[in-house]
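Below, each chain spelled out in residue letters.
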Amino acid sequence: MSVVATIELPGEGRHAVGRAPSWPRVAAPPRLRRAYAAAHVVAGPDGTGGSTVDWDETMAFRHGLWRLGLGVADAMDTAQRGMGMDWPTTAELIRRSAAEAASVNGALACGANTDQLDLDSKPGLVEVLEAYRQQLELIEGSGATVVLMASRALAAAANGPEDYLSVYGTLLAEVRRPVILHWLGDAFDPALTGYWGHTDLDAAADTVIELITARAEKVDGIKVSLLDKDREIDLRRRLPAGVRLYTGDDFNYPELILGDGTRHSDALLGIFDGIAAPAAAALARLDEGDTDGYLAALRPTVPLSRHIFQAPTYHYKTGLAFLAWLNGQQSHFRLIGGYETARDAAHLSRLFVLADQAGVLADPELAAYRMNGYLDGSAEGFR
């Protein structure tokens, strides 16, 4: 291996940083799979811990994903919904991303949720339905595909599966274009425990299939983020013809996207935010029938992804923002709400090593310089 820098890392010792692989910087959208990267937002530079966004850097990051042929899934969990991003700021994000997507003909899906509601006031099903409608109106009006996100307010208000079927059934009857449903496991958000009216995931899957079967013409697919490969494969097998399963499994995505020769998963993944270049290269190789090349590009990223998404999983945004900063895609390492402190130096040092091994450090010398700055406190944006 050709070494471009060495760095002393807490818990890792002295690490020799290798040269970056020559991934393509521009790619066409994949033909055989749909692929969305759930994109993070770049916090504003004021350091107040509020919900300010650096719009220029946030939009530039999305353009980088579109140049690689990936779609952008915006205003999702990765964009700190429920972890610092309020609804007015999220609405602005949707409007801005839609305008930028239209300017380059980029694929865009945006999350509709109910996070404008005050959970302390214990909103009921009527209020949940109206909150969803408000966000759906904005997203559909922008031209983006709707991701009908899992709702904390619905989880708190629903008394059983029939309430989920009623709310979702009403919304699916009203939407103008097919939507992507969203099943986010409690590892990503503990407030969603018991979603679909069941803590038993097999029973919850039955409710999901009942809902989709009744309104299959209004469902493009369902994003499943349960970090359970076998459960995803089983649900994928049960879906009506033409309904996609978008994997949100950041632990097992290479084999789920590859499929079993009969069925495969498409992708709507937070980790694609951080590994966009090798992911785009892998999907291009899959288009060419080069399965070995696909796996050679994507499998080395799995240890990195599993590290970034380790428990508590909902702090994965810290790792993605850190990786973007190392790669020169944003000017500081800071998250909305101050969540840059959610992972410690040992975790981020291990991330650095795994990112190097996965070939996702775009400029290893810059990454090493910034890593040193983080460790010694000299980097911009550290208190």
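Please refer to the structure placed before this passage.
Just so it is clear, the model here is predicted, and its values are computed rather than measured.

Reading the values: rules and limits
- Residues numbered from 1 in each chain as written.
- Predicted model: local features only at pLDDT ≥ 70, side-chain atom pairs only at ≥ 80, totals over all residues.
- Heavy atoms only, no water.
- Helix = DSSP H or I, 4+ residues; strand = E, 2+ residues; numbered from the N terminus.
- Rg over C-alpha atoms; globule rule 2.2 N^0.38 Å.
- Buried < 20%, exposed > 50% of the residue type's maximum accessible area, 1.4 Å probe, protein only.
- Areas by Shrake-Rupley, 256 points an atom, 1.4 Å probe, with all protein chains shown as cover.
- Lys, Arg positive; Asp, Glu negative; His and termini not counted.
- Charge placed at Lys NZ, Arg CZ, Asp CG, Glu CD.
- Axes fitted to C-alpha atoms, helices over the stretch in contact; angles between N-to-C directions.
- Parallel < 35°, antiparallel > 145°, perpendicular 65-115°, else oblique.
- Left-handed = near helix turned anticlockwise from the far one by under 90°.
- Contact = heavy atoms within 4.5 Å.
- Nonpolar A, V, L, I, M, F, W, Y, C, P; charged D, E, K, R; others polar.
- Expected span 1.5 Å × (residues − 1).
- Polar contact = N/O pair within 3.5 Å; in protein donor to acceptor, adjacent residues only side chain to side chain.
- Pairing = 2+ DSSP bridges.
- Right-handed = clockwise from strand over helix to strand, strands pointing away.
- Salt bridge = Lys/Arg side-chain N within 4 Å of Asp/Glu carboxyl O.

Visitor: Just give me the short version of the overall build of the protein, but keep the residues and values in it.
Guide: Along its length, the protein carries 14 helices and 10 strands. In terms of C-alpha radius of gyration, the protein reaches 20 Å, essentially the compact-globule figure of 21 Å for 383 residues. Its C-alpha atoms give the protein principal-axis dimensions of about 60 × 50 × 40 Å. Within the protein, buried positions represent 57% of all 383 residues. Surface summary for the protein: the accessible area is close to 15,100 Å², and the carbon and sulfur share equals 48%. Of the side chains in the protein, 35 bear a positive and 50 a negative charge, and the two mean positions are spaced by 4 Å.

Visitor: Account for the packing of helix α3 (residues 125–142) against helix α5 (residues 161–174), with residues named and values stated.
Guide: Interhelical geometry of α3 versus α5 gives an angle of 30 degrees and a closest axis separation of 11 Å. With respect to each other, α3 and α5 are oriented roughly parallel. Here α3 and α5 pass one another in a crossing that is right-handed. Residues L125, L129, Y132, R133 and L136 of α3 pack against D163, V167, Y168, T170, L171 and E174 of α5. Within the contact of α3 with α5, the residues separate by chemical class into 7 nonpolar, 1 polar and 3 charged.

Visitor: Give a detailed account of helix α6 (residues 201–214), specifying residues and quantitative values.
Guide: The end-to-end C-alpha separation of α6 is 20 Å, in line with the 20 Å expected for 14 residues at 1.5 Å each. Restricting attention to buried positions, one finds in α6 the residues A204, A205, T207, V208, I209, L211 and I212. On its buried face, α6 sits against α5, β7 (179–184), β8 (219–225) and α7 (229–238). Measuring from the side-chain oxygen of the N-cap residue of α6 to the backbone nitrogen of D202 gives 3.1 Å; that N-cap residue is D200.

Visitor: Would you mind going over the pairing of strand β9 (residues 244–247) in detail, with residue names and values included?
Guide: Working note: regular strand, side chains alternate between the two faces of the sheet. Here 4 bridges tie β8 to β9, and the two strands are oriented parallel to one another. By the bridge assignment, V224 is partnered in β9 with T247. Note on the crossover from β8 through α7 to β9: the handedness is right-handed. Of the strand pairs in this sheet, β9 and strand β10 (residues 266–269) are connected by 2 bridges, and their pairing is parallel. Pairing of Y246 across the sheet is with D266, part of β10.

Visitor: With reference to specific residues and values, describe helix α12 (residues 316–326).
Guide: Among the 11 residues in α12, 11 count as buried, and that is most of the element. As for α12, its buried residues are in contact with α1 (55–67), α11 (302–308), α13 (345–358) and α14 (364–376). Positive backbone phi, approximately 75 degrees, marks G328, located one or two places after α12.

Visitor: Quick one: what's the story with the pairing of strand β4 (residues 71–74), residue by residue and with numbers?
Guide: Burial along β4 is two-sided: G71 and A73 facing one way and V72 and D74 facing the other are all buried. In this sheet, β4 lies alongside strand β3 (residues 35–38) in parallel orientation, the contact comprising 3 bridges. Paired with Y36 across the bridge in β4 is G71. Pairing of β4 with strand β5 (residues 108–112), which is carried by 3 bridges, proceeds in the parallel orientation. When the sheet's bridge partners are listed, D74 is paired in β5 with C110. Each parallel crossover has a hand, and the one from β4 via helix α2 (residues 87–104) to β5 is right-handed.

Visitor: I'd like a description of the environment of E232, backed by residues and values.
Guide: Along the chain, E232 falls in helix α7. Assessed through its relative accessible area of 2%, E232 is described here as buried. Among all residues touching E232, those that are not within four sequence positions of it are V224, L245, T247, G248, D249, L256 and S265.

Visitor: Outline the pattern of salt bridges, listing residues and values.
Guide: Taken as a whole and judged by the stated rule, the model has 20 salt bridges. Two residues, E12 and R350, come together in a salt bridge whose shortest N-O distance is 3.1 Å. Within this pair, whereas E12 is found in the loop between β1 (3–9) and β2 (13–18), its partner R350 is found in helix α13, the two being separated by 338 residues in sequence. Across the salt bridge formed by E140 and R176, the nearest N and O atoms sit 3.2 Å from each other. Within this pair, whereas E140 is found in helix α3, its partner R176 is found in the loop between α5 and β7, the two being separated by 36 residues in sequence. The class for R176 is exposed, based on a relative accessible area of 56%.

Visitor: How would you summarise the side chain of N327 if you had to cite specific residues and measurements?
Guide: Along the chain, N327 turns up in the loop between α12 and α13. Polar contacts involving the side chain of N327 include one to the main-chain amide nitrogen of A362, which spans 2.8 Å. Sequence-distant contacts of N327, that is, excluding residues within four places in its chain, are made with V360, L361, A362, D363 and L366.

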